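A look at the structure
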Amino acid sequence: MELQYQAMGMRIKIRRKELKIKQADLAESLDISNNHMSSIENGKQKPSLDTFVGICRFLNVSPDYLLLGAMHAYNVPQDVIDKLHLCSQSDVELARDFIELLVKRNSASHTKNNYILP
């Protein structure tokens, strides 16, 4: 079980760094100490449910991603998923690259706008 918390903490840390968010800023937005945030990222402490939900919101990730390491396509229209199944592997990779560019663009916008947790 502890290994799962370490993996979750690593995913939090990776996503935070992708968004160029400082650990202290994330902790402050969640109203927890920087030491507690560090312990969560290192898998030494478990976040409360409220903190976990706040992390998901602030980092714009699904709970599935943090818990299991996989994002489910809940908000991707089914027709988009169906059409990807009809594409060649090289076209799927091209789509993946395009989506990665969109993620980077949104991450830059996220950082620029000094996102505040709702």
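What counts and what doesn't
Counting restarts for each chain: residues are numbered from 1 in the order of the written sequence. Under the rules for a predicted model, residues below a pLDDT of 70 receive no local features and side-chain atom pairs below 80 are neither given nor counted, while totals for whole chains, interfaces and linings still include all residues. Where side-chain values are given, they derive from all heavy atoms of the structure, hydrogens and water being excluded. Think of it this way: any DSSP run of H or I at least four residues long counts as a helix, any run of E at least two long counts as a strand, and we number them from the N terminus. The contact definition used throughout considers only heavy atoms, calling two residues in contact when any of these lie within 4.5 Å. Note on definitions: salt bridges are taken to be side-chain nitrogens of Lys or Arg within 4 Å of carboxyl oxygens of Asp or Glu. Burial here depends on accessible area, computed with a 1.4 Å probe over protein chains only, as a share of the maximum for the residue type. Under 20% is buried, over 50% is exposed, and the range in between is partly exposed. For every residue, the predictor assigns a confidence score, pLDDT, that lies between 0 and 100.

Here the focus is the side chain of R16. When you line up the elements, R16 lands in helix α1 (residues 2-18). Each residue touching R16, except ones within four places of it in the same chain, is listed here: I21, K22, Q23, L26, E41 and L59.

Applying the stated criterion across every chain yields a total of two salt bridges. Note that R15 and E18 form a salt bridge whose closest N and O atoms lie 3.2 Å from each other. With R15 and E18 both in helix α1 and three residues apart, this pair spans about one turn of that helix. A relative accessible area of 43% means that E18 is categorised as partly exposed. Where E41 meets R16, a salt bridge forms, and the shortest distance between an N and an O atom there is 2.6 Å.

Looking at the protein as a whole, the pLDDT averages 84, with 84% of positions reaching at least 70. Per-element confidence in the protein ranges from a low mean pLDDT of 78 for helix α6 (residues 78-85) to a high of 97 for helix α3 (residues 34-41).

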